[in-house]
Amino acid sequence: MWKLQENALNKNDLLELSNYILKTKTLTQGNEVKKFERNFSKWNKSKYSIFVNSGSSANLLIIFAAKEFYKWKHTDEIIVPSLTWPTTVNPVIQAGLKPIFVDTNFNDLSINYEDLKKKITKRTKGIFLAHILGFPANIKKIKNLIKNRNIKLFEDCCESYGAKISKKKIGNFGLASSYSFYWAHHMTTIEGGMITTNNFKFYNLCKVKRSHGFARELDKKQHNKIKRKYKNINFNFLFLSDGFNLRSTNLNAFLGINQLKKLNSYIRSRNNNYKKFIKCLDPYKSHFHNITFSNYNSMSSFALPFIFKKNYFLKRFCGLLDKEKIEYRPLVSGDLTKQPYLKKKNVKNKYCDIISKNAIYIGNNQFLTDKHFTVLNKILIKLFS
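This structure is a prediction, so every number in the text was calculated from the model and none was measured.

When its secondary structure is counted, the protein chain shows 12 helices and 12 strands. Projected onto its principal axes, the C-alpha coordinates of the protein chain cover approximately 80 × 55 × 40 Å. Per-residue burial over the protein chain gives 57% buried out of 385 residues. Of the roughly 18600 Å² that the protein chain leaves accessible, carbon and sulfur atoms contribute 52%. The average position of the 68 basic charges and that of the 26 acidic charges among the side chains of the protein chain differ by 5 Å.

Okay, structure coming up:
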C-alpha cells in the first residue's frame, strides 16, 4: 500500500517524548518552545521565529498582524493564489481585507505571473504567495512586477520549506512566512506551525498577538520600558493589542527539535524520489503538463503531481491506482475559487480549471523505495498501452 503520508514519528521519538513528559515541570509553552524557535531560525537562516499551533494559525497571525502593523483599511486588496489551501486565503477575508485571486502556472504551480501583472492596482497592499508542492516560486519575477510600489510580500512555505532560490531558502524574501508541521508534512510536531520574519517590530507584534495581546510575551529586557509607560496597569495583565490564543506547547516543540535534526535528510530523500518519478513519466510526457523541475537541489518535494492533458486518462489512472491501493487526492484543492463559499467571486482561471479537472497527486516521503516506483511504472505501461 502506498499512502499519501507515513508517520514520521518512530518508536524512539515517542519514547524520548515520554521520558521528557515524566521529567519536565512545564508542559505548556516554555523553554522548549523558545529553543525550537531559535533552532528553526538557524536552520532557515531567518532572524526570528514564532511557534504556533498550526500552519493555518501562522497565516492567520501574519495577516492580522500585518493589517495592524501597516494600518491597512477594510477592503484594501491582497493578491492571493487560486491554487492553494484555503488557509492562505481565509485570513485575508477574516481580517476584512479583499482577496484578489490569480491563476496558477505549469512551471512551478505558483501564481501565474502574467495574471499577477494584470491584477496589481493602486489598491494592492500585499501579495500572499504560496510555494506549491515543494517548488519555489519565481520571486525575481514577482519583485520585478512590484518594482518600487509599497506592496508587502508574504510567503506560505507550508508545503515547501527547505526549497531555495539562488541558494537562499524560501521564507526570507518578504515580510513574513509560514510553515506547517502537521503530521503529513516534511517534518511533524503532530500539530504546529511557525512564522519567520527578519523584522524585529513585526516579530514582537506577532508574539504579542499570538497570546491574547499580552505585553509579558515580549523579551524581558523590554518589560521595564513598557511598565513605566503603563504604570497604572498590572503588567501581568497588560494587553498591547487584540490577539488570539495560538500558542503551542513544550511537548510539540520537543518533537520539533528532534525532527528538525532529520529534516535535511528527509528533503534529500523526497527530492531523490521526485527524480525517480520524473523518470517514470518521461516515456509518456506528451500526455502530461507535468512539472519537470530541473534544479532538484533547489526544490523540497512535497508530493508527486500528475496533470493529465486528457481527463479520459485521469479516470483510467485513478482506477488503476485503486487496484494497487495507492492513495491519491486532488492537487491541493484544485481551483479554490470554485468552492461554494468563493463561487460568488466569479473568477476565471484557465490553468486552475485544467488542474481541477485533470490533476491529482500521490504521496512522497522518506519511506518510499524503488519497489514503489516499479509499481508506478507498471501502472503507467498499462495505462498507455
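That shown, we press on.
With 15 residues, helix α3 (residues 55-69) should reach 21 Å at 1.5 Å per residue; the first-to-last C-alpha distance of 21 Å fits that figure. With 11 of 15 residues buried, α3 lies mostly within the body of the structure. Two to three positions downstream of the cap, the backbone nitrogen of Ser56 sits 3.3 Å from a side-chain oxygen, assigning the N-cap of α3 to Ser54.

Now for the sheet that holds strand β10 (residues 303-307). Reading across from one edge, β10-β12-β11 is the order of the 3 strands in this open sheet, with antiparallel pairing throughout. Where the open sheet ends on each side, the last strands, each with one partner, are β10 and β11 (328-330). When the angles between neighbouring strand axes are averaged without regard to direction, this sheet yields 30 degrees. Of the strand pairs in this sheet, β11 and strand β12 (residues 359-363) are connected by 3 bridges, and their pairing is antiparallel. By the bridge assignment, Pro330 is partnered in β12 with Ile360.

For the rest of this paragraph, the subject is the sheet that holds strand β3 (residues 98-102). If you walk across this open sheet you meet the 7 strands as β1-β9-β8-β5-β4-β2-β3, and the pairing is mixed. At either margin of the open sheet sits one strand with a lone partner, and together these are β1 (48-52) and β3. Taken over all neighbouring pairs, the strand axes of this sheet differ in orientation by 20 degrees on average, direction set aside. Across 3 bridges, the pairing between strand β2 (residues 77-81) and strand β4 (residues 124-130) is parallel. Bridge assignment links Ile78 to a residue of β4, and that residue is Gly126. Along the sheet face, helix α2 (residues 31-44) touches β1, β8 (176-180) and β9 (193-197) and points at about 130 degrees away from the line of β1. Against the sheet, helix α7 (residues 200-210) engages β1, β8 and β9, with an angle of about 15 degrees to β1.

Turning our eyes to something else, we now look at the packing of helix α1 (residues 11-23) against helix α9 (residues 250-281). For the pair α1 and α9, interaxial distance at closest approach is 10 Å and the crossing angle is 140 degrees. Judged by the sense of rotation from one axis to the other, the crossing of α1 with α9 is right-handed. In this structure, α1 uses Asp13, Glu16, Leu17, Tyr20 and Ile21 to contact α9, whose residues at the interface are Asn250, Leu251, Phe254, Leu255, Asn258, Gln259 and Lys262. Tallied by class, the residues present in the contact of α1 with α9 amount to 6 nonpolar, 3 polar and 3 charged.

This next bit is on the side chain of Asp103. Along the polypeptide, Asp103 turns up in the loop between β3 and α5 (113-119). Summary of buried charges: Asp103 has no salt-bridge partner, and the nearest side chain of opposite charge, Lys350, is 7.8 Å away. Separated by 2.9 Å, the side chain of Asp103 and the backbone nitrogen of Tyr351 make a polar contact. Here the side chain of Asp103 touches Cys352 through a polar contact of 2.9 Å, landing on its backbone nitrogen. Filtering out sequence-adjacent residues up to four positions away, Asp103 remains in contact with Ser82, Ser110, Ile111, Asn112, Asp115, Asn349, Lys350, Tyr351 and Cys352.

For the rest of this paragraph, the subject is the environment of Leu61. Examined against the element boundaries, Leu61 turns out to sit in helix α3. Along the chain, Leu61 and Arg149 lie 88 residues apart, while their C-alpha atoms are 24 Å from each other. Those residues in contact with Leu61 that sit more than four places away from it in its chain are Val52, Ile195, Cys206, Lys209, Arg210, Phe244 and Leu246.

Under the definition given, this model contains 37 aromatic pairs. Summarising the aromatic geometry, the rings of Phe36 and Phe51 are spaced 5.0 Å apart at their centres and angled 85 degrees between planes, so their arrangement reads as edge-to-face. Highlighted residues: Phe36 in helix α2 and Phe51 in strand β1, separated in sequence by 15 residues. Counting every residue linked through ring pairs, the aromatic cluster contains Phe135, Tyr274, Phe277, Tyr284, Phe288, Phe306, Phe308, Tyr312, Phe313, Phe317 and Phe384. Over the ring of Phe214 we find Arg216; its NZ or CZ atom is 3.8 Å from the centre of that ring. The side chain of Arg216 reaches across the aromatic face of Phe237, ending 5.7 Å from its centre.

Reading the values: the criteria
Residues numbered from 1 in each chain as written. Predicted model: local features only at pLDDT ≥ 70, side-chain atom pairs only at ≥ 80, totals over all residues. Heavy atoms only, no water. Helix = DSSP H or I, 4+ residues; strand = E, 2+ residues; numbered from the N terminus. Buried < 20%, exposed > 50% of the residue type's maximum accessible area, 1.4 Å probe, protein only. Areas by Shrake-Rupley, 256 points an atom, 1.4 Å probe, with all protein chains shown as cover. Lys, Arg positive; Asp, Glu negative; His and termini not counted. Charge placed at Lys NZ, Arg CZ, Asp CG, Glu CD. Expected span 1.5 Å × (residues − 1). Polar contact = N/O pair within 3.5 Å; in protein donor to acceptor, adjacent residues only side chain to side chain. Pairing = 2+ DSSP bridges. Axes fitted to C-alpha atoms, helices over the stretch in contact; angles between N-to-C directions. Contact = heavy atoms within 4.5 Å. Left-handed = near helix turned anticlockwise from the far one by under 90°. Nonpolar A, V, L, I, M, F, W, Y, C, P; charged D, E, K, R; others polar. Salt bridge = Lys/Arg side-chain N within 4 Å of Asp/Glu carboxyl O. Phe/Tyr/Trp six-rings, centres within 6.5 Å; stacked < 30°, edge-to-face > 60°. Lys NZ or Arg CZ within 6 Å of the ring centre and 35° of its normal.

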